[in-house]
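Below, each chain spelled out in residue letters.
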Amino acid sequence: MDTVGTVRRLVPPERLTSRVTALEDAFVIGHFGLPAPRPDRPVVVTGLVDRAVTVTPDDVRALPTHRVESVHECFGNPLAPGEWVRRAANLVWTGARLRDVLDLAGIGDGASSLWARGADHGEFGGASSPDYLKDLPLDAVLDRALVAHTCNGVRLPTERGGPLRLVVPGFFGTNSVKWLTELTLADHRPEHLFTTRLYVRPGPDGRSVPVRELDVTSVLTRVADGVVHGWAWSSVPVTRVAVTVDGAPVAVELDRARGRAWQGFRARVGAGGTVVARATDALGRTQPTSGARNAVHRLRV
Ligand SMILES: Nc1nc2c(c(=O)[nH]1)N[C@H]1C(S)=C(S)[C@@H](COP(=O)(O)O)O[C@H]1N2
Ligand SMILES: [Mo]
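The text that follows walks through the structure, step by step, so that each part is easy to find. (Residues numbered from 1 in each chain as written. Chains lettered and ligands numbered in written order. Predicted model: local features only at pLDDT ≥ 70, side-chain atom pairs only at ≥ 80, totals over all residues. Heavy atoms only, no water.)

**Considering the pattern of salt bridges**
Note the following rule: Just to be clear on terms, a salt bridge is a Lys or Arg side-chain nitrogen sitting within 4 Å of an Asp or Glu carboxyl oxygen. Strands here are runs of E lasting at least two residues and helices are runs of H or I lasting at least four, both read from the DSSP assignment and numbered beginning at the N terminus.
Overall, the coordinates contain 18 salt bridges when judged by the stated rule. The shortest N-O distance in the salt bridge between E69 and R19 comes to 2.4 Å. With E69 in strand 5 (residues 66–73) and R19 in the loop between strand 1 (7–9) and strand 2 (28–30), this pair connects stretches of sequence that are 50 residues apart. It is possible to trace a salt-bridge network through shared partners that takes in E73, R201, D215 and R293.

So this is what it looks like as structure tokens:
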């Protein structure tokens, strides 16, 4: 057994002061703990491909490098999916495009589902699992996802998923598989603790769907010189953040959207009171006032 139990580093929103979150201020999750460090851990690309290949971290570093600054957000505790958590960061990742890695094997006819497997394994939520597995719609991630080898400019440390991890900007963190060992192309979804049982929620027709696209969300981080600061994000740009102090609206300055990074906002709060921020995105979705994982954030100042 090479894992050491659930690893979590939780960071309160007041530490999220800079646009790009320092690595030490970014939460860390590992359901089965950390696997043994293995800087040369390869990734097997297999399934509906022209020829299965084994790709090393050096092979991935030799491919064209892409950079993405994106919100990294944990959906929350999969055993309590409605719970309100604020595990979020905004990080700069570099790596190869998923498409370029899959092209080394050749994407086969009929491939519609990407299965990404991680090296960690063990017990979670009373169930035992031989690995960590997520599946993603191939179309949605081919040109969006990275097989990342750095975060904030440094080689991915083991706790961050190194040597190689998947990063799916705009999707919840659960999809960004750490300690990548295998990318399988398939024509159907896999049954697995982490695909069909955990990290699912009711979809539009009431059937459960995997958590993928981010919800509209905002966090308040700090008050300095009578001004409250926060970050807002969604799977699409945030178009408006409404801030109230003891129920009275105040003027808000919201940074414009840049890619998939979070957007800063600030508002003068005067003498203070209970500050509430509520974001709306370009799809017209607004944060619920209560009872949801992305309910509005309240801060007493
Ligand atoms: N292999 C593996 N990948 C994983 C996980 C895991 O437990 N094992 N946790 C997922 C979850 S739920 C989140 S929120 C992110 C956390 O990434 P971080 O630790 O870099 O913040 O990794 C995801 N990828
Ligand atoms: Mo998560």
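That covers the picture; the talk isn't over yet.
**Thoughts on the site of ligand 1**
Definition in use: Any residue with a non-hydrogen atom lying within 4 Å of a molecule or strand is treated as near it. For this analysis, a polar contact is any N or O atom pair within 3.5 Å, provided that within protein one partner can donate a hydrogen and the other can accept it, and provided that sequence-adjacent residues contribute only side-chain to side-chain pairs. Only the protein chains shown count as covering a residue, and every accessible area follows the Shrake-Rupley method with a 1.4 Å probe. Think of it as three bins: nonpolar holds Ala, Val, Leu, Ile, Met, Phe, Trp, Tyr, Cys and Pro, charged holds Asp, Glu, Lys and Arg, and polar takes everything else, Gly as well.
Close contacts around ligand 1 come from 19 residues, with F27, H31, D120, R165 and K178 the closest. Contact between ligand 1 and F27: an oxygen atom at 2.8 Å from a main-chain N or O atom of the residue. Between ligand 1 and K178, the relevant distance is 2.4 Å, taken from an oxygen atom to a side-chain nitrogen or oxygen of the residue. Protein contacts shield 100% of the accessible area of ligand 1, which totals 530 Å² for the unbound molecule. Here the residues of the shell around ligand 1 sort into eight nonpolar, seven polar and four charged.

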